[in-house]
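# Fold and geometry: a report
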Amino acid sequence: MDRSYIKEINRDFLVVYKPAGLPVQTARVDRMDLEHWLLRETADETGRPYLAVVHRLDQPVEGLLVFARNRKAAANLSRQVQEGEMVKEYLAVTSSPPEQERGRLTDFLKKDGKNNVSRVVEEGTPGGKRAELQYECLQVSESGQALVRIRLMTGRHHQIRVQLAQAGMPIAGDRKYGGDAAGAGPLALCAWKLKFRHPVTGKELLFQCRPAGEQFQNFNGRVFGKD
């Protein structure tokens with residue numbers, strides 16, 4: 001990683017692109033994670049900068065994250081996440097296109113922490129939580145894969161991966177939930193847009209990145225717009 005991955009940095013927050021495969025946090029002392037890399041890169045003269053994790057991405061997922069750089073900003077950004085004010089859009093390459101070009105998926109998911117998976121369960125199941133997202137199919141490749149844009153309405157464990165697989169369009173490379181239907185290659189999921197309000201001024205901010213995963217390169221780059 002290099003400092004070009006930091007998209008915005010000021011006294012209140014920083015926005016960074018996380019490459020696929022890098023954990024946001026890890027307990028392993030022999031492996032670098034995003035949090036400790038950022039602490040090292042943004043250390044001031046005291047060598048002890050403040051950095052708070054506001055939200056996370058799974059290790060195999062690439063894309064944008066915001067970190068708070070003081071306690072006041074951390075409280076404000078965390079509130080935006082909890083109240084649904086922070087908008088997170090994802091791009092995914094699915095093994096097959098959806099039956100409808102756009103739609104909304106609503107399921108109830110239950111997390112199995114022991115095996116690090118989530119499953120769709122019946123409403124009313126103890127531990128089951130409502131999961132909702134919106135999707136739109138942007139392109140279909142010659143091979144039959146689809147480029148799908150997703151907006152999360154809730155934030156559940158492995159939500160996008162589970163819900164798309166349940167809907168019959170598993171994410172390419174997601175063998176945990178898609179099985180053989182997901183095919184080979186890395187997980188094709190990117191948090192490509194992030195919108196929130198400045199924690200001090202209240203100004204609306206929008207950040208965007210271009211997916212780097214190999215599966216995304218099979219689609220027209222104009223869809224991704226500017227980095």
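Everything below is about the structure shown above.
Residues numbered from 1 in each chain as written. Predicted model: local features only at pLDDT ≥ 70, side-chain atom pairs only at ≥ 80, totals over all residues. Heavy atoms only, no water.

This part is about the pairing of strand β7 (residues 117-121). Looking at chain direction, strand β6 (residues 102-112) and β7 are connected through five bridges and run antiparallel. Paired with Phe108 across the two strands is Val121, which belongs to β7. Remark: four residues form the turn of the hairpin made by β6 and β7, two consecutive strands paired antiparallel; Asn116 in that turn has positive phi of roughly 55 degrees. (Pairing = 2+ DSSP bridges. Helix = DSSP H or I, 4+ residues; strand = E, 2+ residues; numbered from the N terminus.)

What follows is about the pairing of strand β8 (residues 129-140). Relative to β8, β6 runs antiparallel, the two being bridged by eight bridges. Looking across to β8, one finds that Arg102 is bridged to Glu136. Pairing of β8 with strand β9 (residues 146-152) involves seven bridges; the strand directions are antiparallel. Of the residues in β9, the one forming a bridge with Leu133 is Leu152.

This part takes up the nonpolar core. Membership of the largest hydrophobic core comes to 57 residues, with the highest contact counts inside it found for Leu38, Val66, Phe67, Ile150, Ile160 and Phe196. Counting residues per element, this core draws most heavily on strand β10 (residues 189-197), which supplies six residues. Leaving out residues up to four positions away in the same chain, Leu38 has contacts with Ile6, Leu14, Val16, Leu51 and Phe67. Counting five residues, the second-largest nonpolar core is a separate cluster that includes Leu109, Val117, Ala131 and Val162. (Core = buried A, V, L, I, M, F, W, Y, C linked by side-chain atoms within 4.5 Å. Buried < 20%, exposed > 50% of the residue type's maximum accessible area, 1.4 Å probe, protein only. Contact = heavy atoms within 4.5 Å.)

Attention now moves to the packing of aromatic side chains. One pass over the full model with this rule turns up three aromatic pairs. Ring plane angle 85 degrees and centroid distance 5.3 Å describe the contact between Phe13 and Phe196, whose orientation is recorded as edge-to-face. With Phe13 in strand β2 (residues 13-18) and Phe196 in strand β10, the pair connects residues that are 183 residues apart, well separated along the chain. A centroid spacing of 5.9 Å and a plane angle of 20 degrees characterise the contact between Phe196 and Phe207, whose relative ring orientation is stacked. Taken together, the residues span a long stretch of sequence, with Phe196 in strand β10 and Phe207 in strand β11 (residues 204-208) at a distance of eleven residues. A relative accessible area of 12% means that Phe207 is categorised as buried. Counting every residue linked through ring pairs, the aromatic cluster contains Phe13, Phe196 and Phe207. (Phe/Tyr/Trp six-rings, centres within 6.5 Å; stacked < 30°, edge-to-face > 60°.)

Among the structural elements, Thr42 can be located in the loop between α1 (34-41) and β3 (52-53). Reaching out from Thr42, the side chain makes a polar contact with the backbone oxygen of Leu38 at a distance of 2.6 Å. Ignoring anything within four residues of it in the chain, the contact list for Thr42 reads Arg3, Ile6, Ile9, Leu14, Pro49 and Arg69. (Polar contact = N/O pair within 3.5 Å; in protein donor to acceptor, adjacent residues only side chain to side chain.)

For the coordinates displayed, the defined rule picks out 13 salt bridges. The residue Arg79 makes a salt bridge to Glu83 at a minimum N-O spacing of 3.0 Å. One salt-bridge network, held together by shared partners, links Glu101, Arg102, Glu136 and Arg149. (Salt bridge = Lys/Arg side-chain N within 4 Å of Asp/Glu carboxyl O.)

With that settled, consider the side chain of Glu132. Tracing the backbone through its elements, the reader meets Glu132 in strand β8. Its relative accessible area of 14% is what places Glu132 among the buried residues. A polar contact is formed between the side chain of Glu132 and the side chain of Arg104, at a distance of 2.4 Å. Beyond its immediate chain neighbours, meaning those up to four positions away, Glu132 contacts Arg104, Leu105, Thr106, Leu152, Met153, Thr154, Gln159 and Gln163.

By themselves these figures say nothing about function.
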